[in-house]
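Understanding the architecture of this molecule
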Amino acid sequence: MSSQESDSEIDDAAEHAASMKRLKAKDPDFYEFLKQNDKDLLNFENSDNEDQEEDDEEDDSNQMDDEEDEEAEEEEERSVLSSQKLSYIKSHIREEPTVKLCKELISAFKSAVHQAEGTDSKVDMSHSEHFNDIIKLCLIDLAPALMKVLNLDPSKKKVDPTKSKLWKKLQMSIKQYLIDMLKMFSIMKDASVLTLLLKHTVHLVPFYSVFIKLCRNLVKKMISFWCSEEETIRVVSLIIIVRSTKTFSNEYLGQVMKEMYFSYIKNTKFTSASTWPMINFMKRSLAEVYALNPDMAYEHAFIYIRQMAIHLRNAITTKKKESFQTVYNWQFVHCVLFWGHLLCRLQEHEAIKSLIYPLVQTTIGAINLIPTARYVPLRFHLVKALMHISEMTSTFTPTLPFILDVLKVTDFNKKSNFSIKPVEFSCALKVTKSQLSEAGFKDACISEVCSVTMDYLKIYASSIGFPELALPAVIQIKSFIKTCKVSKYNQQLKAVLQKIEENSLFITEKRKSVSFGISDNDHVKRWEDGLRNQGTPLTVSKKVPREVEAEEQPKKKKKVSK
């Protein structure tokens, strides 16, 4: 075909397309008739130009246009995945990449994906070396080659491929590659392969950001990996989520945060020693995602903390088993832990700081909902959440009574039964009726009371008012020691009492030399900071052994010694 004939056909196609558009505006009924009965008449257009225009206007469409699919199929039919061709691509794609080489490699990858799906019979990729070579080339060399061809600098914070002069030539091929990459995530189940695909996808985020719909699909897939796969996959998925969401509008960013929060809640329904690491990772990483937009974080925190308070109110007013269960479950506890962590993370934001009070009040209300010995494990989980808020935000919370009340709600003088297995508070919210009378439960209670009391008082160990703060604990511990008949429990509490009294005496002696008044906040703060740097008997003492830290993975269960 001569060039004049070709130009003539292109002009005819453009004129025909324009006439069809006029027909659609003038007589829509007839246009719909043609659409249903003669699609070829409507599709008689210049494929290359029309594809480019549609892609620019419809980046967030659900699928590629029919013409784009036809073009991709024709390109696939023309491709010959021979060993010679792969060798040529392999030898040139790294040092001398071109638009043609990138398109050929993307086309080969498309065939590989279809072969993996079992939907492509046109190309023989039965040899594993052939398939592996294509995948390896794409994962290692394609992203740098695209950056080089498009003359983009990957070291910059914001990379915009659309500003490249050659973007239009590669746009459709890159879009097809991004679609195929999403398919690969569904096909490949092996963790090592998924890790490689995800590390490669990190470099593709600038290209995904051009196509909004594909970027959203990518984020959805990454959220599913973030909350379900092994550690490396979860970390890389989080990186992709954070980088992808930077281009999102506030509305869709809020949707992503909400979806991640619901995934977090869903995965905290059952908590065990094996799931604690994943839950802690999700908690911290979700807080970092919320930190990207503090205003959005405040909106979500306000809504969901209020929702928790409503559940608590319903439980208090109705006093039904079903309403109690909406509060006394792992999901509620982990929500308290998460929002406490987030408020500490964003405490400099004034609006978010104002939510500390309602969260603390809701947590205290949950502790007091069923103040019995059966729910002592849940009590300690919530107490540790309050302690974390108190320490990180310098906000006083009256936590000590909830710790020492354990000494009242449990009868330690009653004869104990032999423990078949140890009671792990770290992975439990309540104990059974039979466990209440077991020695293992009582041992765990005393151990937690001692360690948590020490940890709480260490927060205020350098406070000028420490003697007055610790006085109720001293009185209550002494009272318990007088009435308790179990010597080993008394010995543990006496050790704690000795440290508390030493610290109180130390602060009292230091206060004798003070020349300023208690109302002089600036001098009080400087005095306390100096004492904190110097150290007190409570802070320099060895830690009391604990079963679990609030922010750490629980230890494995120990065997019971007879």
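Look a little higher up for the structure.
The paragraphs below set out a description of the structure included in this document. (Residues numbered from 1 in each chain as written. Predicted model: local features only at pLDDT ≥ 70, side-chain atom pairs only at ≥ 80, totals over all residues. Heavy atoms only, no water.)

1. Some words on the overall build of the chain
Scanning the chain from terminus to terminus reveals 28 helices and 0 strands. Split into buried and exposed, the 562 residues of the chain put 49% on the buried side. Within the chain, counting contacts between residues at least 6 apart in sequence, those at least 24 apart form 74% of the total. On the chain, roughly 29800 Å² of surface is accessible, and the fraction owed to carbon and sulfur atoms is 51%. (Helix = DSSP H or I, 4+ residues; strand = E, 2+ residues; numbered from the N terminus. Buried < 20%, exposed > 50% of the residue type's maximum accessible area, 1.4 Å probe, protein only. Contact = heavy atoms within 4.5 Å. Areas by Shrake-Rupley, 256 points an atom, 1.4 Å probe, with all protein chains shown as cover.)

2. A short note on the pattern of salt bridges
What the rule picks out here adds up to 11 salt bridges. With its nearest N and O atoms 3.1 Å apart, the salt bridge here joins E468 to R511. In this pair, E468 sits in helix α26 (residues 466–483) while R511 sits in helix α27 (residues 487–511), placing the two residues 43 residues apart along the sequence. Residue class for E468 comes out partly exposed when judged on its relative accessible area of 48%. Since its relative accessible area comes to 26%, R511 is described here as partly exposed. Between K512 and E509 there is a salt bridge; the shortest N-O distance is 3.2 Å. Classification of K512 as exposed rests on a relative accessible area of 62%. In the salt-bridge network here, residues are joined through shared partners; they are K525, D529 and R532. (Salt bridge = Lys/Arg side-chain N within 4 Å of Asp/Glu carboxyl O.)

3. Details of the environment of S274
Locating S274 in the fold gives a position in the loop between α14 (250–266) and α15 (276–290). Sequence spacing of S274 and C427 is 153 residues, and the spatial spacing of their C-alpha atoms is 9.8 Å. A polar atom in the side chain of S274 sits 3.0 Å from the side chain of S272. (Polar contact = N/O pair within 3.5 Å; in protein donor to acceptor, adjacent residues only side chain to side chain.)

4. Brief notes about helix α21 (residues 376–393)
The end-to-end C-alpha distance of α21, which contains 18 residues, comes to 26 Å, matching closely the 26 Å that a straight helix rising 1.5 Å per residue would cover. With 15 of 18 residues buried, α21 lies mostly within the body of the structure. (Expected span 1.5 Å × (residues − 1).)

5. Thoughts on the packing of aromatic side chains
Counted by the stated rule, this structure contains 24 aromatic pairs. Pairing Y264 with F338 gives two aromatic rings, centres 5.5 Å apart and planes at 50°, and the pair type is tilted. Pair noted here: Y264 is in helix α14 and F338 is in helix α18 (residues 330–345), with a separation of 74 residues, a long-range link. For the pair shown, Y264 and F338 are each scored as buried. Centroid distance W276 to W330: 6.2 Å. Interplanar angle 90°. Geometry classified as edge-to-face. Taken together, the residues W276 in helix α15 and W330 in helix α18 connect sequence positions 54 residues apart. When sorted by exposure, W276 lands in the same class as W330, which is buried. The side chain of R216 reaches across the aromatic face of Y252, ending 4.2 Å from its centre. (Phe/Tyr/Trp six-rings, centres within 6.5 Å; stacked < 30°, edge-to-face > 60°. Lys NZ or Arg CZ within 6 Å of the ring centre and 35° of its normal.)

6. A closer look at unusual backbone geometry
Positive phi outside glycine occurs at K319, with the angle close to 55°. Mapped onto the secondary structure, K319 falls in the loop between α16 (294–318) and α17 (321–325). The exposure class assigned to K319 is exposed, which follows from its relative accessible area of 61%. Of note, S394 is a non-glycine position whose phi angle comes to about 55°, a positive value. Positionally, S394 belongs in the loop between α21 and α22 (400–404).

7. Describing the packing of helix α9 (residues 167–187) against helix α12 (residues 212–226)
Contact pair α9 / α12: the axes reach a minimum separation of 11 Å and the direction vectors enclose 20°. Taken as axis vectors, α9 and α12 run roughly parallel relative to one another. Viewed along their axes, α9 and α12 form a crossing whose handedness is left-handed. Along the contact surface, α9 presents K175, L178, I179, L182, F185 and S186, while α12 presents L214, N217, L218, K221, M222 and F225. (Axes fitted to C-alpha atoms, helices over the stretch in contact; angles between N-to-C directions. Parallel < 35°, antiparallel > 145°, perpendicular 65-115°, else oblique. Left-handed = near helix turned anticlockwise from the far one by under 90°.)

8. Concerning the nonpolar core
With 169 residues, the main nonpolar core has F185, W226 and W339 as its most contacted residues. Looking at which element gives the most residues to this core, the answer is helix α8 (residues 128–149), with 12 residues. Setting aside residues no more than four positions away along its own chain, W339 makes contact with Y261, Y290, H300, A301, Y304, I305, M308 and L359. (Core = buried A, V, L, I, M, F, W, Y, C linked by side-chain atoms within 4.5 Å.)

9. Describing the environment of I310
With respect to the helices and strands, I310 occurs in helix α16. Between the C-alpha atom of I310 and that of V327, which follows or precedes it by 17 residues, the distance is 10.0 Å.

10. Let's talk about helix α25 (residues 439–459)
Along its 21 residues, α25 runs 31 Å from first to last C-alpha, staying within 8% of the 30 Å computed at 1.5 Å per residue. Burial analysis of α25 places 19 of its 21 residues in the buried class, which makes it a mostly covered element.

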